[in-house]
Amino acid sequence: REAKDPFDLLDELEEELAIHVRPLTWPIESGIRFKGVYNIYERNLNLYQPSKQVVAEKVEVDIDTEELDARIGAQLAGKLRGELELLDGVYPDFDKEEYLKGTLAPVFFGSALNNFGVEELLNTFVEIAPSPRPVMAEEREVEPEESKFTGFIFKITANIDPNHRSCIAFCKICSGKFTRNAPYLHVRHGKTMRFSSPTQFMAQRKTTVDEAWAGDIIGLPDNGTFKIGDTLTEGEMLHFRGLPSFSPEMFKYIENADPMKQKQLAKGIDQLMDEGVAQLFVNQFNGRKIIGTVGQLQFEVIQYRLENEYSAKCRWEPLSLYKACWIESDDAAELEAFKKRKYQYMAKDREGRDVFLADSGYVLQMAQMDFKHIKFHFTSEF
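Residues numbered from 1 in each chain as written. Predicted model: local features only at pLDDT ≥ 70, side-chain atom pairs only at ≥ 80, totals over all residues. Heavy atoms only, no water.

## With respect to the pattern of salt bridges
Logical step 1: Under the counting rule described, the total for this entry stands at 23 salt bridges.
Logical step 2: The shortest N-O distance in the salt bridge between Arg305 and Glu275 comes to 2.8 Å. Of this pair, Arg305 sits in helix α7 (residues 296–310) while Glu275 sits in the loop between α6 (262–274) and β20 (279–283), placing them 30 residues apart in sequence. The pair formed by Arg305 and Glu275 is uniform in burial state, with each residue classed as buried.
Logical step 3: For Arg288, the salt bridge identified is with Glu317, shortest N-O distance 2.8 Å. (Salt bridge = Lys/Arg side-chain N within 4 Å of Asp/Glu carboxyl O. Helix = DSSP H or I, 4+ residues; strand = E, 2+ residues; numbered from the N terminus. Buried < 20%, exposed > 50% of the residue type's maximum accessible area, 1.4 Å probe, protein only.)

## Re helix α3 (residues 74–90)
Logical step 1: Taking 1.5 Å of rise per residue, 17 residues should cover 24 Å, and α3 covers 24 Å from first to last C-alpha, within 8% of that figure.
Logical step 2: Buried within α3 we find Leu76, Ala77, Leu80, Glu83, Leu84 and Leu87. When α3 is viewed along its axis, its buried side chains cluster within an angular range of 130 degrees and face the same direction. The exposed set on the far side of α3, more than 90 degrees from its buried face, consists of Ala74, Gln75, Glu85 and Gly89.
Logical step 3: Each element contacted by the buried residues of α3 is listed here: α1 (6–17), β1 (20–23), β2 (25–28), β3 (36–39) and α2 (66–72). (Expected span 1.5 Å × (residues − 1). Arc of directions from axis to C-beta. Contact = heavy atoms within 4.5 Å.)

## A few points about the packing of aromatic side chains
Logical step 1: By the definition in use, this model includes 19 aromatic pairs.
Logical step 2: Taken together, a centroid distance of 6.2 Å and an interplanar angle of 25 degrees make the contact between Phe195 and Phe226 stacked. Of this pair, Phe195 sits in the loop between β13 (191–193) and β14 (199–202) while Phe226 is found in the loop between β17 (217–222) and β18 (231–233), placing the two residues 31 residues apart along the sequence.
Logical step 3: Taking relative accessible area as the criterion, Phe195 reaches 4% and is therefore assigned buried.
Logical step 4: Of the aromatic side chains, those joined through ring pairs into one cluster are Phe149, Phe178, Tyr184, Phe195 and Phe226.
Logical step 5: A cation sits over an aromatic face here: Lys252 above Phe299, 4.8 Å from the ring centre.
Logical step 6: Taking NZ or CZ as reference, Arg288 lies 3.8 Å from the ring centre of Tyr253, over its face. (Phe/Tyr/Trp six-rings, centres within 6.5 Å; stacked < 30°, edge-to-face > 60°. Lys NZ or Arg CZ within 6 Å of the ring centre and 35° of its normal.)

## Things to note about the pairing of strand β21 (residues 289–293)
Logical step 1: Taking burial as the measure, the 5 residues of β21 include 4 buried ones, the bulk of the element.
Logical step 2: Pairing geometry for strand β19 (residues 250–256) and β21, over 4 bridges, is antiparallel. Within β21, the residue paired with Phe251 across the bridge is Gly292.
Logical step 3: Relative to β21, β20 runs antiparallel, the two sharing 4 bridges. Within the sheet, the bridge partner assigned to Phe281 lies in β21 and is Ile290.
Logical step 4: Between β20 and β21, which pair antiparallel one after the other, the connecting turn spans 5 residues, and Gly287 there sits at a positive phi close to 70 degrees. (Pairing = 2+ DSSP bridges.)

## Considerations on the sheet that holds strand β22 (residues 314–318)
Logical step 1: In space, the 8 strands of this open sheet follow the order β22-β19-β21-β20-β24-β25-β23-β26, with antiparallel pairing throughout. Edge positions in the sheet fall to β22 and β26 (374–377), since each of these pairs with one other strand and no more. Looking at each pair of strands side by side, their axes are set apart by 40 degrees on average, direction ignored.
Logical step 2: The sheet contacts of α7 involve β19, β21 and β22, and relative to β19 the element is tilted by about 20 degrees. (Axes fitted to C-alpha atoms, helices over the stretch in contact; angles between N-to-C directions.)

## Describing the side chain of Asp354
Logical step 1: Tracing the sequence through the fold places Asp354 in strand β25 (residues 354–358).
Logical step 2: On the basis of relative accessibility, which here comes to 13%, the residue Asp354 falls in the buried class.
Logical step 3: Polar side-chain contacts of Asp354 include one of 3.0 Å to the side chain of Lys339.
Logical step 4: The contacts of Asp354, once residues within four sequence positions are left out, are Cys325, Trp326, Ile327, Leu335, Lys339, Met346, Ala347 and Lys348. (Polar contact = N/O pair within 3.5 Å; in protein donor to acceptor, adjacent residues only side chain to side chain.)

## A short note on α7
One full turn of an α-helix is made of 3.6 residues, so residues set three or four places apart face in the same direction.
Logical step 1: For α7, built from 15 residues, the straight-helix expectation of 21 Å at 1.5 Å per residue is met to within 8% by its first-to-last C-alpha distance of 21 Å.
Logical step 2: Its buried side turned inward, α7 meets β9 (150–158), β19, α6, β21 and β22.
Logical step 3: Positive backbone phi, at 50 degrees, marks Ser311, one or two positions downstream of α7.

Laid out in structure tokens, this is it:
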């Protein structure tokens, strides 16, 4: 499809994301008429040729000179000057401090399909991105300059290499220096671990690293030891908060479509749930497995990956629910009374925590009014 008008696109970004934007590159035409982008940040022109997958020509050019007309034609040059003038009138100059505060988003135009305009985004990002920031653990704030290593697992990916049924846990280093083969404490398990083949990734390339520093991301081989939110340290008992799982909006029962592949299905569901792709609940009334997601597409992704990565087939059965919420209470008797009354709608998550599956907003509202001492949580972090 033809690209949307750049000004309309900027308006939509501001409206949908509720953030101010500032273009740092600007497209010259679009679709089959696309000629390239003008880099406002570096004040140069990146020309595009459809037959090439790279920037055909990068030209240092003054926007007000005739050289611009010679490069892209007088008509396009006039249009570009008018649009850049309009940009300067509508959007304030790029302010790095506003960007670092998270109130301003720089915008780059290009074509991911042709790998055009991507390098400009990456180069600018390297220049303006913040250095590692302090991270708040439950016990204290961890400064990136501290000498001792700390890190936490923020993502797990299964089958990153289709030839090996392995998982990689991605660890963000929050402080100090990570060294290959050094002993580190896995806080949740209370076990010391060594990592002989930590890796760093660049697109499809994977390289083993001997050391990494605060701000770096490393991949650690995972055979089921990690879950999202796990903390690694040099011995200190620290707990970084995990990434919260939000209350799903869509629910389906998952059933095995091939009785001969029960083990493969169980392993596939287990590893995909570790990734945080979706959430698994077990209904306490009938023992059936329920998958909760935030969008329809995730069901298709799960089904496809189970079939292609685990040779397991599943089928979905519709389930009409409004929301899943985690419940807890200091009043054990009231919690028990609630669970008895809502027995058909009670489930357990993978951590064994109580989850209430409300079938409508009204039912949830009434439950909150009737049971004053029960806390209803809409994320898994509480």
